[in-house]
Amino acid sequence: MKQFFSILLILAVSSCATYYQSNFTFNEEFESGQLDKAYKTLQGHTSEAHGKREFLYFVNNGLVLSMMGRYAESNTFFEKAYLFGEDYRTNYLNEVASYLTNPNFTAYKGEDHEHLMLLYYKALNYLKMNNTEDAVVEIRRLNIRLQQLTDRYRSPDKYDRDAFSNVLMGITYEVDKDYNNAFIAYRNAWTIYNQDYQRLFRVGPPQQLKEDLLRTAWLSGLKGEFEAYKDSLRMPDYVYKESDGGELISFWHN
């Protein structure tokens, strides 16, 4: 029995060491912006696509390919990660081994925020491919997944609505010139900022969102809402002016 547990301990230490060593090179290359090398390193670990680390393998491939501008390939990997997250089947033998030794004996299922982020990146990829219809589908998936996750918790202070996903939905509708749905999405974001974010994080709505609300209300022909928001936002002098050129939307991933 003593020998058996000694073997288990050796396997546990070996498993940890192998995991960190195999990902050290990738992490170093990725963080230094050497995306081609990072992707090549990932391709050297294709065995992980069918092992206990397959979720991370899919997500890492999707992220690197997205940053390389290979959006369709990126979404193929993100979709595999999404489907993996939807599969709740459990290998109970591995769960027991994980409890007794270390987590590397069981499949890594991903953290809550990782499941949300992969859907965000899918939506962003579709936007970059000018596919607004599928981008909206992914944002709706994101909101559904967020609701599923928050249903697990009973705290009155739980984070259960995401303003940014609604802003992203508004941007997507606006790219498609669907100003009415864009206005609804921005209005939802405004409500979340005021009802949730102020209370939970002491964060108010950004100035840009105020302008987005007024602009899309005007473009939707919602004159009553437009005038009401001008008053409530204390922007009585706001006048919509169409841009002569294009518009730049910047996403800062920190």
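Note: the structure precedes this text.
Report on the accompanying structure.

## Topic: the packing of helix 10 (residues 207-219) against helix 11 (residues 223-232)
In a packed pair of helices, the relevant descriptors are the angle between the two axes and the axis-to-axis distance.
Now for step 1: Where helix 10 meets helix 11, the closest approach of the two axes is 8 Å, and the angle between their N-to-C directions is 155°. In this view, helix 10 runs roughly antiparallel relative to helix 11, as classed from their interaxial angle. As helix 10 packs across helix 11, the resulting crossing turns out to be left-handed. Taken together, the residues of helix 11 that come into contact with helix 10 (itself represented by Leu213, Leu214, Ala217 and Trp218) are Lys223, Phe226, Tyr229 and Lys230.
Now for step 2: Partitioned by chemical class, the residues of the contact of helix 10 with helix 11 number 6 nonpolar, no polar and 2 charged.

## Re the packing of aromatic side chains
Now for step 1: Applying the stated criterion across every chain yields a total of 14 aromatic pairs.
Now for step 2: The side chain of lysine 80 reaches across the aromatic face of phenylalanine 77, ending 5.3 Å from its centre.
Now for step 3: Sitting over the ring of tyrosine 82, arginine 141 keeps its end group 4.0 Å from the ring centre.

## Brief notes about the packing of helix 8 (residues 163-175) against helix 9 (residues 179-200)
Now for step 1: Contact pair helix 8 / helix 9: the axes reach a minimum separation of 8 Å and the direction vectors enclose 165°. Here helix 8 lies roughly antiparallel to helix 9, going by the angle between them. By crossing handedness, the relation of helix 8 to helix 9 is classed as left-handed. Here Ala163, Phe164, Asn166, Val167, Met169, Gly170, Ile171, Tyr173 and Glu174 of helix 8 come into contact with helix 9, specifically with Tyr179, Asn181, Ala182, Ala185, Tyr186, Asn188, Ala189, Ile192, Tyr193 and Tyr197.
Now for step 2: Taken together, the residues of the contact of helix 8 with helix 9 break down into 14 nonpolar, 4 polar and 1 charged.

Rules used throughout
Residues numbered from 1 in each chain as written. Predicted model: local features only at pLDDT ≥ 70, side-chain atom pairs only at ≥ 80, totals over all residues. Heavy atoms only, no water. Axes fitted to C-alpha atoms, helices over the stretch in contact; angles between N-to-C directions. Helix = DSSP H or I, 4+ residues; strand = E, 2+ residues; numbered from the N terminus. Parallel < 35°, antiparallel > 145°, perpendicular 65-115°, else oblique. Left-handed = near helix turned anticlockwise from the far one by under 90°. Contact = heavy atoms within 4.5 Å. Nonpolar A, V, L, I, M, F, W, Y, C, P; charged D, E, K, R; others polar. Phe/Tyr/Trp six-rings, centres within 6.5 Å; stacked < 30°, edge-to-face > 60°. Lys NZ or Arg CZ within 6 Å of the ring centre and 35° of its normal.

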